Amino acid sequence: MGNQEFMRKAIEMSIKSIDNGGGPFGAVIVKDGEIIAAASNSVTIDNDPTAHAEVNAIRMACKKLGTFDLSGCEIYASCEPCPMCLASIYWARIDKLYYANTKADADKIGFSDNFIYEEFAKPESQRSIKTTTMLRNEAIKAFEKWENKEDKTEY
């Protein structure tokens, strides 16, 4: 299979997602020329706002490979990833991202990420989610314990 076939599988997953009651998004993760995970959006099916196709595929791939580090993998997404999914792709250390539909295409059908980008650009005090820092002096103890732990698995 080549790049176009992998992307066609992601697109196929996006179409199946609609038929199954999910959003129109699909994703495939490939390692060494083999599909190791294929998933679709299941936000409304699972009542989980984080169940985007890319995140579902990352979870599936990590479970299959027994690791949180997907270095050496590529992801094929039927649409340009939202901020959460793009961040997840970075956290998973995926080497390459391919996508088909753009965020402008998604915006046209009611899936807009613009408000998130706008919120990120604002100072905390001006964001729509009110944010308060509290009990930092107590919480910092966990960070100090982590910093001093000699046998930690870093990520």
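Residues numbered from 1 in each chain as written. Predicted model: local features only at pLDDT ≥ 70, side-chain atom pairs only at ≥ 80, totals over all residues. Heavy atoms only, no water.

A. Highlighting the packing of aromatic side chains. By the definition in use, this model includes four aromatic pairs. The interplanar angle of 90° and the centroid separation of 4.9 Å between the aromatic rings of Phe 25 and Phe 111 together place this pair among those described as edge-to-face. A residue pair is termed long-range when its members are at least 10 positions apart, and Phe 25 in the loop between α1 (3–19) and β1 (26–31) and Phe 111 in the loop between α5 (103–108) and α6 (114–121) qualify at 86 residues. Its relative accessible area of 15% is what places Phe 25 among the buried residues. (Phe/Tyr/Trp six-rings, centres within 6.5 Å; stacked < 30°, edge-to-face > 60°. Helix = DSSP H or I, 4+ residues; strand = E, 2+ residues; numbered from the N terminus. Buried < 20%, exposed > 50% of the residue type's maximum accessible area, 1.4 Å probe, protein only.)

B. Broad picture of the sheet that holds strand β3 (residues 73–79). One open sheet accounts for four strands, arranged β2-β1-β3-β4; its pairing is mixed. Both outer strands of the open sheet, β2 (34–40) and β4 (96–101), are each paired with one neighbouring strand and no more. When the angles between neighbouring strand axes are averaged without regard to direction, this sheet yields 15°. The pairing of β3 with β4 spans five bridges and is parallel. Bridge assignment links Cys 79 to a residue of β4, and that residue is Asn 101. Against the sheet, α1 makes contact with β1, β2, β3 and β4, and its axis sits at roughly 45° relative to β3, the strand it touches most. (Pairing = 2+ DSSP bridges. Axes fitted to C-alpha atoms, helices over the stretch in contact; angles between N-to-C directions. Contact = heavy atoms within 4.5 Å.)

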